[in-house]
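Results of the structural survey
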Amino acid sequence: MAVPVIPAISRRRVSRLLVILTLSAAAGTSLGCTGQDGSLSSEGLPRYAYRTETALASYRYAVAEPDLLSKLPCYCGCGQLPEFLNLRDCFVDANGAFNAHGANCQTCIDEALDAKRLHAEGHSVAEIRQMIDRTYQGRGKPTNTPPVD
Amino acid sequence: MTSLATTSRLLQLATGIGLATALLLALRQPVRAEANVGATAIWLLWWPVVPFLALLAGRLWCAVCPLAGLSDLVDRAARRFAPWRRRAPGRRVQRVGAVWLPVAIVLLGIAFLALELEMSGPMTIAVVGLFALGSAGMALAIRGRAWCRYACPLGATLGLYASLGRWSLRPLSPPAGPTETPSGPRLFRCPAYLNPRHSIDPLHCQFCARCLDAGAAQISPRRPSLFVLGTGEAALAIALAGVLAADTLRMTPLFITYVGAMLDILGPAYYRLVVALLPLLGTLAAALLVGAIIVSTRSRDWRGAAAALVPVAFAAQLGLSLQHLAGSGWPTLQGLIVELLPVPWEGHLPPSEAYSVMPFLKAVQFGLFAAAVALVVYRRRRTQGLSGNTGLATVSAGSAAFAGLFLLPMSLAC
């Protein structure tokens, strides 16, 4: 097969290429601002809740059942920080302000989804607490959540 | 002296033990770690590291891959009890392989993006188990490493990157033929169906080292270049670039904006569908890019354009691997340590804001794309059939698209 004749690359062409790269980079940076703000989706959830399917399900459940999650300790290790008092705080605090911690923490997500499953199966809050304690104890320093009567 | 092939087998045994341990860990719930340590060890530690081996020599991993070792083991055992086996794959296997590999890459992309394969122990066991079954099953039907050559998506991907590796195997010059004296090269069978006495295609060479041991080939340095790709390989390069583009998008805040917007349209129950569309959309975008370049440069060589996409895909994969390792490498290692050793452990605190910019990492990632452009600019002339501007346009547009995404803040909680 004949090898095609290839024109040498001019400086102009290289500069054009650099301009294209710079412009696309600038466009990328400006687009990057989206999703970083504190705006909520039409569902009323923060954008970071959409990172994964399980994160989204956890945030939805935390909004739907804050009372249940507030009675469960979180075992991921966030108990090291004073602002985390229970599992609900990993997603949304008592004033309804969202927290991004839950979107990035598999333990919080797993705990919330386990609580959701157990609740759907008809277990009482005390039973859910017992099972969560049994499953997650040892993962990290727990939050200082009062025991359930 | 131990032969290189024996060394390779021993290393395969070692990686096989490592893989078996990871799979055993994947079977159980974590006790102290954040997530399933078996799954995360495989997908967040091993998987991002493997592409870097291609910088040395394309399919170097195959030399130590436990599944290649399994294929060899079954191949050897089947010599006695499976006389029906074919000596080499027929045309049909080759054609199915050419279609299967791009499809497998897209399916893997969907498994990672929509099903969180990297976190799921059962799914990890299923995927690795299917690969092992495929490897052993094909060795029962065809002699050699038919799985590795025609069906393994990882091997095929590393094979594409072989054009950019520093070393490859070459036949000893002058080529050793059948007239060799008894003191010359010994008889051997290449399990990848190559003829190492005449040429060794780096796309398919699996570094089993049998030709090296037989004295028919040598390791020789090479300069990074572009390969002439077959139809299946070109389709694989396009699918790979598309899936990597989808994964890059997943790592940026644009992803959550996309998911939120799509769920507003489709409804909240369609999360998996929305995310599973991404690798398909990415592949479609990569195919459209190649098509547009072919039309605009009036070239007919879409396979050449796909070949010029390989350095871009490699830069993207290395950049993503670095991002994954920076974000999840240490937490995953920490999870493994606390799960296996009785060390004190207070738990983990993930970053409150997952998206961040690490200037050094960004500089390295952009350096990778610059290297991809430079490679095509200076080496495209050696790619047979690739017309003057096609390669340049492909690598420029591909790199610009990826660089735009890599400029964004990226996730450190992969």
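Above: the structure in question.
First, a word on scope: everything that follows refers to the structure included in this document.

Analysis parameters
- Residues numbered from 1 in each chain as written.
- Chains lettered and ligands numbered in written order.
- Predicted model: local features only at pLDDT ≥ 70, side-chain atom pairs only at ≥ 80, totals over all residues.
- Heavy atoms only, no water.
- Helix = DSSP H or I, 4+ residues; strand = E, 2+ residues; numbered from the N terminus.
- Buried < 20%, exposed > 50% of the residue type's maximum accessible area, 1.4 Å probe, protein only.
- Contact = heavy atoms within 4.5 Å.
- Core = buried A, V, L, I, M, F, W, Y, C linked by side-chain atoms within 4.5 Å.
- Phe/Tyr/Trp six-rings, centres within 6.5 Å; stacked < 30°, edge-to-face > 60°.
- Polar contact = N/O pair within 3.5 Å; in protein donor to acceptor, adjacent residues only side chain to side chain.

**What about the environment of P224 of chain B?**
Residues and elements named next belong to chain B. Along the chain, the position of P224 falls in the loop between strand 2 (217-221) and helix 9 (231-250). When its relative accessible area of 31% is taken as the criterion, P224 is described as partly exposed. When the C-alpha atoms of P224 and R92 are compared, they prove to be 32 Å apart, with 132 residues separating the residues in sequence. What P224 contacts, discounting residues up to four positions off in sequence, is S163, L164, L375 and R379.

**What to know about the nonpolar core**
Residues L69 and F91 of chain A together with L160, Y161 and L229 of chain B are the most contacted members of the largest nonpolar core, which totals 129 residues. Among the elements that take part in this core, helix 12 (residues 302-340) of chain B stands out by supplying 13 residues, more than any other. Once you skip the residues sitting within four places of it in the chain, Y161 of chain B turns out to touch A54, L240, L244, V310, A313, F314 and Q317 of chain B.

**Section: the packing of aromatic side chains**
Residue and element names in this part refer to chain B. Within the structure shown, the criterion is met by 13 aromatic pairs over all chains. Look at W43 and W47: their rings are 5.2 Å apart centre to centre, the planes differ by 70°, and that puts the pair in the edge-to-face class. Of this pair, W43 and W47 both sit in helix 2 (residues 37-53), four residues apart, roughly one helical turn. With relative accessibility at 23%, the residue W47 sits in the partly exposed group.

**Remarks on the environment of Y258 of chain B**
All names here are of chain B. By the secondary structure assignment, Y258 is in helix 10 (residues 253-266). Considering only alpha carbons, one finds Y258 and L278, 20 residues apart in sequence, at a separation of 10.0 Å. Setting aside chain neighbours within four positions, we find Y258 in contact with V274, L277, L278 and L281. Polar contacts involving the side chain of Y258 include one to the main-chain carbonyl oxygen of V274, which spans 2.9 Å.

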